[in-house]
Amino acid sequence: MSQGKHAEARELMFNGALLFFSYNQQNSAADLSMLVLEVLEKSDTKVEDEILENLAKLFSLMDPNSPERVAFVSRALKWSTGGAGKLGHPKFHQLLAVILWKEQNYSESRYHFLHSSDGEGCAQMLVEYSSSRGYRSEVDMFVAQAVLQFLCLKNKNSASVVFSTYTEKHPSIERGPPFVQPLLNFIWFLLLAVEGGKLTVFTVLCEQYQPSLKRDPMYNEYLDRIGQLFFGVPPKQSPSYGGLLGNLLNSLMGSGEEDDIAEEAHEDSSPIELD
């Protein structure tokens, strides 16, 4: 490092970490993994797919329950977007999501898929999540939440892909549209309305499907945000969401991500929980 040979130093630390992991020396391997990040931070290295894949490899080898893993992923995500307080590089989120999916850590996998651009992968994970852990009566709620949250993140394309893939591949959903479940019909109409951008269509849609939307108290919060983003609805005058929403926001994974998420939410003037 003192000689400015950053690439060589990074490779040395990376290979050393892999060696320690191969002998199940978790603490030493985690220390070297953090040094890999230190090299990246100090050398102003550009984000490249190969580096993101190497960081994901280190993450996959760490003990899922170790505090070092949480610290590592938080710091790695911050580096992947230049430390500007954003939520991390979409490619890195996608790699992390797949690793966590293989570990059957569906809730954290879902969080990372939301911040990637992999709507198809997210849908396939949600099908498995719903089939193995969810109630049959809630198959529609798994994808509804994902679509609404993708839209809150201004990702129309992934919202559409996750919906079409999920409804096509889920064994408990009959082919549509129209669908047997009213909530799925609402999401289908909502995606069409977002493309059209007409406020009257959006308003009528939300009114007609209120019985379905009342199944989860968060749905109307998401729809308030979607109305602002895609239909020109003015934001609520309330300075911030407190209570339940504030507590949910703090439940997001990662020791350093809460501050980043809160900061970005504050910039958007409407913090919405995406856990």
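Residues numbered from 1 in each chain as written. Predicted model: local features only at pLDDT ≥ 70, side-chain atom pairs only at ≥ 80, totals over all residues. Heavy atoms only, no water.

A. Molecular detail of the overall build of the chain. Secondary structure assignment for the chain yields 15 helices and zero strands. Across the 275 residues that make up the chain, the buried fraction comes to 47%. Total accessible area on the chain stands at roughly 13,700 Å², and carbon and sulfur atoms take up 51% of it. (Helix = DSSP H or I, 4+ residues; strand = E, 2+ residues; numbered from the N terminus. Buried < 20%, exposed > 50% of the residue type's maximum accessible area, 1.4 Å probe, protein only. Areas by Shrake-Rupley, 256 points an atom, 1.4 Å probe, with all protein chains shown as cover.)

B. Broad picture of the nonpolar core. Within the largest apolar cluster, 48 residues are counted, with the highest numbers of intra-cluster contacts made by Val 147, Leu 151, Tyr 166, Phe 186, Leu 190, Leu 223 and Ile 226. Only α5 (90–102), α6 (106–114), α7 (119–133), α8 (139–152), α9 (156–169), α10 (182–196), α11 (199–208) and α13 (218–231) provide two or more residues apiece to this core. It is α8 that provides the largest number of residues to this core, a total of 11 residues. Excluding residues that lie within four positions of it along the chain, Leu 151 makes contacts with Lys 156, Ala 159, Leu 190, Leu 191, Val 194, Ile 226, Leu 229 and Phe 230. Within the second largest apolar cluster, 25 residues are counted, among which are Leu 37, Leu 55, Met 62 and Val 73. (Core = buried A, V, L, I, M, F, W, Y, C linked by side-chain atoms within 4.5 Å. Contact = heavy atoms within 4.5 Å.)

C. Highlighting the environment of Glu 53. On the secondary structure map, Glu 53 appears in helix α3 (residues 49–61). The class for Glu 53 is partly exposed, based on a relative accessible area of 40%. Distance in space between the C-alpha atoms of Glu 53 and Leu 95 is 7.3 Å, their sequence separation being 42 residues.

D. View of a negative patch on the surface. A contiguous patch of negative charge on the surface is contributed by Glu 8, Glu 11, Glu 48, Asp 49, Glu 50 and Glu 53. Contributing elements (two or more residues each) for the negative patch: α1 (6–22) and α3. With three residues, α3 is the largest single contributor of residues to the negative patch. Looking at where Glu 48 falls in the secondary structure, it is placed in the loop between α2 (26–43) and α3. (Patch = residues over 30% accessible without salt bridge, like charges linked within 9 Å, V, L, I, M, F, W, Y side chains within 5 Å. Salt bridge = Lys/Arg side-chain N within 4 Å of Asp/Glu carboxyl O. Lys, Arg positive; Asp, Glu negative; His and termini not counted. Charge placed at Lys NZ, Arg CZ, Asp CG, Glu CD.)

E. View of α11. Regarding α11, the residues found buried are Phe 202, Leu 205 and Cys 206. Seen from one end, α11 has its buried residues packed into an arc of 95 degrees, which puts them on one side. In this structure, α11 carries Thr 200, Glu 207 and Gln 208 as exposed residues pointing more than 90 degrees from its buried face. Contacts from the buried residues of α11 go to α10, α12 (210–213) and α13. (Arc of directions from axis to C-beta.)

F. Fine view of the environment of Leu 61. Mapping Leu 61 onto the fold places it in helix α3. Remark: the alpha-carbon pair of Leu 61 and Asn 24, spanning 37 residues in sequence, is separated by 9.3 Å. In this structure, Leu 61 is in contact with Leu 18, Phe 21 and Gln 26, ignoring residues within four places of it in sequence.

G. Examining the environment of Arg 136 more closely. By the secondary structure assignment, Arg 136 is in the loop between α7 and α8. Here Arg 136 falls in the exposed class, since its relative accessible area comes to 64%. There is a polar contact of 3.2 Å between the side chain of Arg 136 and the side chain of Ser 172. (Polar contact = N/O pair within 3.5 Å; in protein donor to acceptor, adjacent residues only side chain to side chain.)

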